[in-house]
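Summary of the model geometry
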Amino acid sequence: MTPEDALKLLLSKLDECGIPYMITGSFASNIHGLPRATQDADVIIEAEERTLERFLESLGQAFYRSKEAAMDALAREQMFNVVHLETGFKVDLIIRKSRPFSRMEFSRRQPAFYLGANRWFATAEDTILAKLEWSKASGSERQFNDALNVAKLQRDNLDRPYLEKWAKELSIMDLLEILFKEMD
């Protein structure tokens, strides 16, 4: 089994349990930009306690997970992870935050055919904004470069007013301006 098979299994379990999700992070930037290797996947989910419990149970013996960590993440709108035991592939499951940007980002998710089915991904714009926000928080040049690569490849399709509106709200307008200069 490959890491992609492990992700496919996990996404199928989310679908079976009726948990809406959105693939974000490096997997989303790989879809919209230049592919690069990554050691894990980031998936934002909208769940309630009952559906999250059912999802955790559905993973069976294939994945390590902590029910306590998952329930704590749900209560705090944070992240927990599951690890596919055979491959060691880690998936960070991020509870969708209630802040306006997070609600908007999730409502804009788009399907893309991936791993044999339609899967939900963050849009190019939301991938750029999230990567810039991570870049600012962590000082990561890799995150900025992921955002830049998405912007370069999607340049003619980007909704610049949307990017500018949310960059101001997220206090990352300075990084967006640098990105615009570097992509031209």
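Further up the page is the structure itself.
The paragraphs below set out a description of the structure included in this document. (Residues numbered from 1 in each chain as written. Predicted model: local features only at pLDDT ≥ 70, side-chain atom pairs only at ≥ 80, totals over all residues. Heavy atoms only, no water.)

1. Topic: the overall build of the protein chain
- Within the protein chain, the regular secondary structure consists of 9 helices and 7 strands.
- What you see for the protein chain is a C-alpha radius of gyration of 16 Å, in line with the 16 Å of a compact globule of 184 residues.
- With the C-alpha coordinates of the protein chain rotated into their principal frame, the extents come out at 50 × 35 × 30 Å.
- Burial statistics for the protein chain: of 184 residues in total, 48% are counted as buried.
- Taking the contacts inside the protein chain whose residues are at least 6 apart along the sequence as the reference set, 61% of them involve residues at least 24 apart.
- Accessible surface, the protein chain as shown: approximately 9300 Å² in total, 48% of it carbon and sulfur.
- Where the 25 positive side-chain charges of the protein chain centre and where its 30 negative ones centre are 1 Å apart. (Helix = DSSP H or I, 4+ residues; strand = E, 2+ residues; numbered from the N terminus. Rg over C-alpha atoms; globule rule 2.2 N^0.38 Å. Buried < 20%, exposed > 50% of the residue type's maximum accessible area, 1.4 Å probe, protein only. Contact = heavy atoms within 4.5 Å. Areas by Shrake-Rupley, 256 points an atom, 1.4 Å probe, with all protein chains shown as cover. Lys, Arg positive; Asp, Glu negative; His and termini not counted. Charge placed at Lys NZ, Arg CZ, Asp CG, Glu CD.)

2. Details of the packing of aromatic side chains
- This model, assessed by the stated rule, comprises 5 aromatic pairs.
- When the centroid spacing of 6.3 Å and the interplanar angle of 85° are considered together, the rings of Phe 27 and Phe 89 count as edge-to-face. Linking Phe 27 in helix 2 (residues 25–32) with Phe 89 in the loop between strand 4 (79–84) and strand 5 (90–95), this pair joins segments that are 62 residues apart in sequence.
- Summarising the aromatic geometry, the rings of Tyr 162 and Trp 166 are spaced 6.4 Å apart at their centres and angled 55° between planes, so their arrangement reads as tilted. Of the two residues, Tyr 162 and Trp 166 both sit in helix 8 (residues 160–169), 4 residues apart, roughly one turn of that helix. For the pair shown, Tyr 162 and Trp 166 are each scored as buried.
- Linked through ring pairs, Phe 27, Phe 89, Tyr 114 and Phe 121 together constitute an aromatic cluster.
- Cation over ring: Arg 108 sits above Tyr 162, and NZ or CZ is 3.7 Å from the ring centre.
- When the ring centre of Trp 166 is taken as origin, the NZ or CZ atom of Lys 165, which lies over that ring, is 3.9 Å away. (Phe/Tyr/Trp six-rings, centres within 6.5 Å; stacked < 30°, edge-to-face > 60°. Lys NZ or Arg CZ within 6 Å of the ring centre and 35° of its normal.)

3. Quick look at helix 6 (residues 124–138)
- For helix 6, built from 15 residues, the straight-helix expectation of 21 Å at 1.5 Å per residue is met to within 8% by its first-to-last C-alpha distance of 21 Å.
- Those residues of helix 6 lying buried are Ala 124, Glu 125, Asp 126, Thr 127, Ile 128, Leu 129, Ala 130, Lys 131, Leu 132 and Ser 135.
- Considering only its buried residues, helix 6 is in contact with helix 2, helix 5 (100–107), helix 7 (141–154), helix 8 and helix 9 (173–183).
- Of the residues one or two after helix 6, Gly 139 is the one with positive phi, at around 70°. (Expected span 1.5 Å × (residues − 1).)

4. Side note on the packing of helix 3 (residues 49–58) against helix 4 (residues 67–76)
- At a minimum axis separation of 11 Å, helix 3 and helix 4 run at an interaxial angle of 150°. Judged by the inter-axis angle, helix 3 sits roughly antiparallel to helix 4. At the point where helix 3 passes helix 4, the crossing takes the right-handed sense. Between helix 3 and helix 4, the residues in contact are Glu 49, Leu 52, Glu 53 and Leu 56 and Lys 67, Ala 70, Met 71 and Leu 74, respectively. (Axes fitted to C-alpha atoms, helices over the stretch in contact; angles between N-to-C directions. Parallel < 35°, antiparallel > 145°, perpendicular 65-115°, else oblique. Left-handed = near helix turned anticlockwise from the far one by under 90°.)

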